[in-house]
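The chain contents come next:
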Amino acid sequence: SDGWRVVRDFNQFVNYITENGLPDLISFDHDLGVDENGETKLSGYDCAKWLVDYVMDHQVPLRRVLCHSQNPVGKENILKLFENYKNSCLVDYTL
């Protein structure tokens, strides 16, 4: 790999995954800021939910995920989502 690919919002996240497939590691932030109109963007949790649906729909293994968010509630929600996914499937998966 040649380093991190940074995506800053939900649409960039979805586009990256659909165009390039799953990377070996994804690190999530919860709070993704506001758009040009001052509206809160969809969060890293929204990206994480989309990712779980994507791997289930496409029957591809989810690789390693981390959460680097400074938002403790958001971080816990993202990690709990992946923990619940891990517990609900038989995919070889490492948090």
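You'll find the structure just up there.
Residues numbered from 1 in each chain as written. Predicted model: local features only at pLDDT ≥ 70, side-chain atom pairs only at ≥ 80, totals over all residues. Heavy atoms only, no water.

With that settled, the discussion passes to the overall build of the chain. A tally of helices and strands in the chain yields three helices and two strands. For the chain, the α and β elements follow one another from N to C terminus as α-β-α-β-α. Across its three principal directions, the C-alpha atoms of the chain cover 40 × 30 × 25 Å. Looking at the chain as a whole, 32% of its 95 residues qualify as buried. In the chain, the proportion of contacts linking residues at least 24 apart, taken out of those at least 6 apart, comes to 61%. Accessible surface, the chain: about 6,400 Å² in total, of which carbon and sulfur atoms supply 46%. Between the centroid of the 9 positive side chains of the chain and the centroid of its 15 negative side chains there is a distance of 7 Å. (Helix = DSSP H or I, 4+ residues; strand = E, 2+ residues; numbered from the N terminus. Buried < 20%, exposed > 50% of the residue type's maximum accessible area, 1.4 Å probe, protein only. Contact = heavy atoms within 4.5 Å. Areas by Shrake-Rupley, 256 points an atom, 1.4 Å probe, with all protein chains shown as cover. Lys, Arg positive; Asp, Glu negative; His and termini not counted. Charge placed at Lys NZ, Arg CZ, Asp CG, Glu CD.)

Below, the discussion takes up the environment of P61. Assignment of secondary structure puts P61 in the loop between α2 (44–58) and β2 (64–67). Residue classification places P61 among the partly exposed residues on the basis of a relative accessible area of 43%. Residues P61 and L22, 39 residues apart in the sequence, show an inter-C-alpha distance of 8.8 Å.

Two elements in contact, α2 and helix α3 (residues 72–88), have axes separated by 9 Å at closest approach and are oriented at 15 degrees. With respect to α3, the axis of α2 lies roughly parallel. Regarding α2 and α3, the two cross each other, and that crossing is right-handed. Residues G44, Y45, A48, K49, L51, V52, V55 and M56 of α2 touch α3, and the partners they reach there are N77, I78, L81, F82 and Y85. Split into classes, the residues belonging to the contact of α2 with α3 amount to 10 nonpolar, two polar and one charged. (Axes fitted to C-alpha atoms, helices over the stretch in contact; angles between N-to-C directions. Parallel < 35°, antiparallel > 145°, perpendicular 65-115°, else oblique. Left-handed = near helix turned anticlockwise from the far one by under 90°. Nonpolar A, V, L, I, M, F, W, Y, C, P; charged D, E, K, R; others polar.)

Further remarks concern the nonpolar core. Formed by 22 residues in total, the largest nonpolar core has its most connected members in F13, F28, W50, L51 and F82. Residue assignment for this core shows that the elements contributing at least two residues are α1 (10–20), β1 (25–28), α2, β2 and α3. (Core = buried A, V, L, I, M, F, W, Y, C linked by side-chain atoms within 4.5 Å.)

Attention now goes to the pairing of β1. Each regular strand displays side chains that alternate between the two surfaces of the sheet. Along β1, the buried face is formed by I26 and F28; none of L25 and S27, which line the opposite face, is buried. Read from β1 through α2 to β2, the crossover connection turns out right-handed. (Right-handed = clockwise from strand over helix to strand, strands pointing away.)

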